[in-house]
Amino acid sequence: MSTKKSHTPEEKVVFTAGETEHDIVVSTPVETASESTPESQSPTLYPMIALREGVLFPHTESILTFARTKSVAAVEEAVRSHRQVVIVAQRKDTAADPADSDLYTVGVLASVERILKGEHEINALVSATTRVTVKVIHHSPAYFECEVDPLEDVFVDDAETAALCRVLTAQFRKAVNLGKAVEFLNFMKLMGGVSASELADQVASTLDLPSKKKQKLLEQIDVKARLRQVLATLQEEMKVLEIERSIASKTQKKFDKHARENILRERMRVIQKELGDLDEDEEGEELEQLKRTIERSAMPLDVKKKALKELKRLVSMSEMSAESGYIRSWLDAIVELPWGKYSKKSLSLPKAKEVLDAQHYGLEEVKDRILEFLAVMKLKEAQGKKDEPKKKIDIKKTKKFGDARHMPTILCFVGPPGVGKTSLGKSIAQALGREFVKISLGGIKDEAEIRGHRRTYVGAMSGRIIAGMRQAGKMNPVFMLDEIDKIGLDYRGDPSAALLEALDPEQNGAFEDHYLDVPFDLSQVMFITTANVLDTIPPALKDRLEIIRYSGYTVDEKFEIARRHLLAKQLKLNAVSEKQIKIPDDILRDIIEHYTREAGVRSLERAIGKVIRKAARLIAEGKKKIVTVDIALVEDFLGPHIFEPSLMEQHDQVGVVTGLAWTSVGGDTLSVEVALTPDRKHTSLILTGQLGKVMQESARAALTYVQSNAKTLGISDKLLKGTEIHIHVPEGAVPKDGPSAGVTMTTALISALTNTPVRRDIAMTGEVTLRGNVLEIGGLKEKVIAAHRAGIREIIAPHMNKKDWVKMPDNIKKEMKFNFVEHMRDVTAIALVQDRIRSTKVIRKPKAQAVA
C-alpha cells in the first residue's frame, strides 16, 4: 500500500479568478497521509518570481536581473529541475519582501533559457509562453511555489481583427522610422507576420507605459480589445516622437552643448503639455497641492499674497531652470513654518514648581525667579482674555505685529559650566507644555547664520532662528540660545547685532529673515539665553536680557544631586540596577571631595560613570554578582585622591596670603606671595604670574598705600628705600586679572615688610584704594563656595558686599565666619597673627563687622 508523504502545514493564498480586483482568500489546508488516496494526484507546482518593476508578456524574450534571495533560489531551482517558472509583477515596487497581497494574480509561464551568475545576482534569459492565473501560493523558506490555471485568449477571426493587425503593423513600422527603440530581430519577426495575439503582446512589451497599465494589457484576454488598446497607446507615443523630431530639427544647429541641454529639458516640458490627457503631470499635481496649502494656512495676508505670486511665477517657468529650484525651495520654507499653530496647554504654577523641583536640586533663587516670571506670564494671559474686543476681527488680515501685551522678558542664565542652565530650560518647556528648541551660538561669526542669506546667493537658506521655529512646529516654543557669550565677530558682520531684533519684545513681532523676506511673528516665543560670562556680550544686547545668575554647587548640593539624579542616570546608561551596584553615601562624598573640584557636576558625573562601568565589568566577567563600592574599590577604579580638602598653606607664613578669585567656571582660591631682596640703588617692584593690566595696577596701588602709611604700619624708611619687592601669584601659565586681589596683595606686602605671619585659615577679597578703603567686588558667592571647598572657614570681604551674605547657602552660613571690612586697618587686625606684631601702631581697634 503506497501513501503520499504529508505536506508540512504552510500558509497558502487562494486567488478567486474571474473577479476584477482578484479578491484574496487565505486558507491553511493540511493534507495528511490518511486522507490521501491512490487516485489523488498532486497539483503541479511552479517556482514563482516577483518582479519589482515591469511586466513580462507572452511570446517575448527578456534578460532579467534577479538579486533577492528567493528570486535567485527560484531561478536556480527551475534550471536544476528543468521546470518552468511563473513570473508575476508586484503592485508596489517598494516592497522588498512582498506579501501575497502585494502581487498581481495574472502572470506568465516562462522558461529559463540560460543564466549568468554574478557576485550577488543572476542574469537570466527568460522566454515567456502563456498567460496564467495564480490559484494558490505555497510559502517555503527558500522560494515561493504556486498552482496556476492557464488563461486562454478570447479570439474572433473576423475582418475587424485582420484590419486591426494590419494597421498596428503599419503604425509600428512608422514608429520605428521615427526613432522608437526596438530590437531588430523582433521587428523583422513582426514584419514577417505573426498571430494577432502575438502581435499585440510583442508591441505591448515595447510601449513606454508604467507597470500598472502594462498589467492591465496583460490581463486583457480579449485579443480584439487588446489590439485596440495597444494601437491607441502606440499612436500617442508616435505624436510624442513627431514632436521630438520637430523640436530637434529646429534647434539642432543653433546652440552649443549647454544650450542643447536646456532645449532637451524644454522638449520634455512640451511633451508633457501634449500628453495632458494621460494625467501623467505629477509636477502639476504637486503645485496644485502647494497652492491649496498656502491658501489654507494662517499666513498674514501680505505673506500669502507674496507666496501665491511666487507660485504663479514657478508655474509659468520651466521646471528645469535654475531659478525654478530657488523659488520652489523658498515656497517649501514658507509653507513649513508653523503659521497660526500654538501649544495650548494651560499654565499651572504648582505643576511648574513640581517639575523644577523634581528635575533640579538646589538653585532656589533661580527657580523662584522663574516661577515669578511664569506667574506674570499667566496673569498677562488672563488679562488678555478679559480685554479681548467683543467684535471679531480677522487676525489673518489685520495682524502684522505681535501683541506686546503677551511679550515675555528675555531671560539670560549666567553661570559656570555644568550647573544646569540648559537642562533648566528643558524643564521650563515641560512645565509650560511647549516645544523646546535649542541652538548653539558658540563660534558663529556670520550674521547670515542668524538672519539667513539673501535669495540671490547660491545655496541660500534661512537663518537658525527660522530653522528652529520650523523644527518646533509651533509659534510659541521655548527657544534656547546657548552660549550667547561666545559669538564671534569678523568682516562678514556682527551676529550679536542680528540678535537685537529677535530678542527685543518691541520688534520681534515682525522679525524678517533675509531669506524669507517676509515678517514672522516671534512675540509669542519664550527666548532663554545662556552664558558663562557677561563681559563678552555687547551692551546693546545685554540691555535686552534679564540676568539670572547661577553660582556653583556646594558639597552638600553636589551630594544630593548625585544621589537623586546622577547615580540613577549612570546606572541606566550602563545597563545595571541599584541591586547590582551599590554606592553608599559616604563613598559619594569621598568622590565629590577627593576626585572633583568644579562649580558644576559634569566631572562628578564622569567620575560616577567610571566607577559604575568598572563595577559593571566585574559583573559581566562573572567575578561578582553584586558590587558594593568601598574606599578601596574607589581608589582602584579612580586612582589615588586627586584633591585634598585641606588649607592651601600648612603653616602661618610671612608674606603669603590666600585670596579669592572668580573665573568663567566658578570661584577659585589663589595664593599671593611677596619676597624682599636688598637693593641699594632704589625700591623696585617686580610682578610675575601672568598678571593682567588691572591686577598690575592693583599691585602698584597696594605698594603706594604701604609707602604712604609706612610710619603708621611700623615700617622703616630705610627698609622701603633699599628693597626689591617681588609679588608673585602661582600658576603662572594661567592668565589672571581684576581688581579684587588688591586687599590680598596689600596684606601680603604689610606682612612681608613687618615680618608678621598671616593666618592660613583665612581668605580675603576686595579692591583697595590709595587711601586704604576696601571697595565692593563681584562674584562673592562663587568665591566663598570655592573657599569652603578648600577647607577655609573664615572670610574677609568688603562691607558693601554684606548684601550678598543673605544669598549664601544655609550650610555655608553656619560653617563659615564672615568679616565685612571698610578699611585696610580692619583687614590687618584680623588677618595678621597678633602675637607676632612688633608695633602697636600696626593695629587699631577694628571696625569690621563679623557675621558667624
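For clarity, every value in this text was computed on a predicted model and none was experimentally measured. (Residues numbered from 1 in each chain as written. Predicted model: local features only at pLDDT ≥ 70, side-chain atom pairs only at ≥ 80, totals over all residues. Heavy atoms only, no water.)

Colleague: Looking at this model, I keep getting lost on the overall build of the protein chain. Mind explaining?
Modeller: Across its full length, the protein chain carries 29 helices and 29 strands. Across the 852 residues in the protein chain, those meeting the buried criterion constitute 46%. Across the protein chain, every contact between residues at least 6 apart in sequence was considered, and the portion connecting residues at least 24 apart equals 73%. Of the roughly 44100 Å² of accessible surface on the protein chain, a fraction of 51% belongs to carbon and sulfur atoms. (Helix = DSSP H or I, 4+ residues; strand = E, 2+ residues; numbered from the N terminus. Buried < 20%, exposed > 50% of the residue type's maximum accessible area, 1.4 Å probe, protein only. Contact = heavy atoms within 4.5 Å. Areas by Shrake-Rupley, 256 points an atom, 1.4 Å probe, with all protein chains shown as cover.)

Colleague: When you look at the sheet that holds strand β10 (residues 436–440) in this model, what are you seeing that I'm missing?
Modeller: Each strand in a sheet pairs with another by means of backbone hydrogen bonds, the pair being arranged parallel or else antiparallel. Read across the open sheet, the five strands follow the order β10-β11-β14-β9-β15; overall the sheet is parallel. At either margin of the open sheet sits one strand with a lone partner, and together these are β10 and β15 (545–549). With strand direction ignored, the average angle separating the axes of adjacent strands in the sheet is 25°. Across four bridges, strand β9 (residues 410–414) lies against strand β14 (residues 526–531) in parallel orientation. Within the sheet, the bridge partner assigned to C412 lies in β14 and is T529. Here helix α14 (residues 421–432) sits on the sheet in contact with β9, β10, β11 (478–482) and β14, set at roughly 170° to β11. (Pairing = 2+ DSSP bridges. Axes fitted to C-alpha atoms, helices over the stretch in contact; angles between N-to-C directions.)

Colleague: Looking at this structure, how should I read the packing of aromatic side chains?
Modeller: The geometry of an aromatic ring pair is captured by two quantities: the separation of the ring centres and the angle between the planes. Counted according to the given criterion, the structure contains four aromatic pairs. On the basis of an interplanar angle of 70° and a centroid distance of 5.1 Å, the ring pair of W339 and F520 is categorised as edge-to-face. Taken together, the positions of W339 in the loop between α10 (322–335) and α11 (349–359) and F520 in strand β13 (residues 519–520) put the pair 181 residues apart, joining distant regions of the chain. The same class applies to W339 and to F520, which are both buried. Above the face of the F559 ring, R589 is positioned so that its terminal group lies 4.2 Å from the ring centre. (Phe/Tyr/Trp six-rings, centres within 6.5 Å; stacked < 30°, edge-to-face > 60°. Lys NZ or Arg CZ within 6 Å of the ring centre and 35° of its normal.)

Colleague: Is there a simple way to explain the pattern of salt bridges in this structure?
Modeller: Opposite charge on two side chains permits pairing when their charged atoms draw close. All chains considered together, the criterion is met by 37 salt bridges. A salt bridge links D149 to K135; the shortest N-O distance between them is 3.8 Å. Note that D149 is positioned in strand β8 (residues 144–150) and K135 in strand β7 (residues 122–139), a separation of 14 residues in sequence. For K135, a relative accessible area of 30% gives the class partly exposed. The closest approach of N and O atoms between K367 and E364, which form a salt bridge, is 3.8 Å. A residue pair is termed a helical-turn pair when its members lie 3 or 4 positions apart in one helix, as K367 and E364 do in helix α12 (residues 364–386) at three residues. Take K367: its relative accessible area is 3%, and that puts it in the buried class. One salt-bridge network, in which partners are shared between bridges, spans E77, R80, R83 and E145. (Salt bridge = Lys/Arg side-chain N within 4 Å of Asp/Glu carboxyl O.)

Colleague: Please explain the confidence of the model for the protein chain as it appears in this structure.
Modeller: Any residue range with low pLDDT should be treated as having predicted coordinates unsuitable for detailed reading. Confidence in the prediction of the protein chain, expressed as mean pLDDT, is 80, and 85% of residues score 70 or more. Here residues 390–407 scores under 50 on pLDDT; set against residues more than four positions off or in separate chains, the count is 34 contacts. Of the regions scoring below 50 in pLDDT, residues 836–846 engages in 24 contacts with residues more than four places distant in sequence or in other chains. (pLDDT = per-residue confidence, 0-100.)

Colleague: Mind showing me how you'd approach the packing of helix α19 (residues 555–573) against helix α20 (residues 585–595) here?
Modeller: Packed helix pairs are specified by the crossing angle of their axes together with the interaxial distance, meaning the distance between the axes. Between α19 and α20, whose axes approach to 10 Å, the crossing angle comes to 125°. The pairing of α19 with α20 is recorded here as oblique in orientation. Regarding α19 and α20, the two cross each other, and that crossing is right-handed. In contact with V555, D556, K558, F559, A562 and R563 of α19, α20 contributes D585, L588, R589, I592 and E593. Here the residues of the contact of α19 with α20 are counted per class, giving five nonpolar, no polar and six charged. (Parallel < 35°, antiparallel > 145°, perpendicular 65-115°, else oblique. Left-handed = near helix turned anticlockwise from the far one by under 90°. Nonpolar A, V, L, I, M, F, W, Y, C, P; charged D, E, K, R; others polar.)

Colleague: Where do I start with the side chain of D504 in this structure?
Modeller: Tracing the backbone shows D504 in the loop between α17 (495–502) and β12 (511–512). Among the polar contacts made by the side chain of D504, one reaches the side chain of Q507 at a distance of 2.8 Å. (Polar contact = N/O pair within 3.5 Å; in protein donor to acceptor, adjacent residues only side chain to side chain.)

Colleague: Help me out: how do you make sense of α14 in this one?
Modeller: Since the α-helix packs 3.6 residues into each turn, any two residues three or four apart lie on the same face. With twelve residues, α14 should reach 16 Å at 1.5 Å per residue; the first-to-last C-alpha distance of 17 Å fits that figure. Of the residues making up α14, those classed as buried are K421, L424, G425, S427, I428, A429, A431 and L432. Where α14 terminates, the next one or two residues include G433, which has phi positive at roughly 70°. (Expected span 1.5 Å × (residues − 1).)

Colleague: Explanation requested: unusual backbone geometry in the structure shown.
Modeller: For residues besides glycine, phi is generally negative; the peptide bonds are generally trans as well. Its identity as a non-glycine residue notwithstanding, H82 has a phi of 55°, on the positive side. Its place among the elements puts H82 in the loop between α1 (69–81) and β5 (85–89). Located in the positive-phi region is Q690, a residue other than glycine, with phi close to 55°. Inspection of the secondary structure puts Q690 in the loop between β21 (684–688) and α23 (693–708).

Colleague: What should I look at first to understand the nonpolar core in this one?
Modeller: Across soluble globular proteins, nonpolar side chains show a tendency to be buried alongside one another. If you look at the biggest cluster of nonpolar residues, it comprises 57 residues, and the most contacted ones within it are F413, M526, I581, I583, I591 and V629. Here this core takes nine residues from helix α21 (residues 602–620), the largest share from any one element. If we ignore the near neighbours within four places in the chain, the residues touching I581 are L571, V576, I612, A615, A616, I619, V627 and V629. Listed in part, the 51 residues of the second largest apolar core include L287, W330, A333 and L545. (Core = buried A, V, L, I, M, F, W, Y, C linked by side-chain atoms within 4.5 Å.)

Colleague: I would appreciate a short explanation of the environment of Q524 in the present structure.
Modeller: The residue Q524 is located in the loop between β13 and β14 in this model. On the accessibility criterion, Q524 (18% relative accessible area) is buried. Separated by 19 residues in the primary sequence, Q524 and P505 place their C-alpha atoms 9.4 Å from one another.

Colleague: Would you take a moment to explain the environment of A73 for this structure?
Modeller: Turning to its location among the elements, A73 is positioned in helix α1. Expressed as a C-alpha distance, the spacing of A73 and M48, which sit 25 residues apart in the sequence, is 10.0 Å. Once residues within four sequence positions are removed from consideration, A73 is found in contact with A142 and Y143.

Colleague: What is the right way to read a nonpolar patch on the surface from this model?
Modeller: Residues F184, L185 and M188 make up a contiguous nonpolar surface patch of about 370 Å² in total accessible area. As for its position among the elements, L185 is in helix α3 (residues 184–191). A relative accessible area of 68% means that L185 is categorised as exposed. (Patch = residues over 30% accessible without salt bridge, like charges linked within 9 Å, V, L, I, M, F, W, Y side chains within 5 Å.)

Colleague: I keep staring at the environment of L125 and nothing clicks. Help me out?
Modeller: Take L125: it is sitting in strand β7. In sequence terms L125 and S62 are 63 residues apart; their C-alpha atoms lie 5.8 Å from each other. Each residue touching L125, except ones within four places of it in the same chain, is listed here: E61, S62, I63, S111, V112, E113 and R114.

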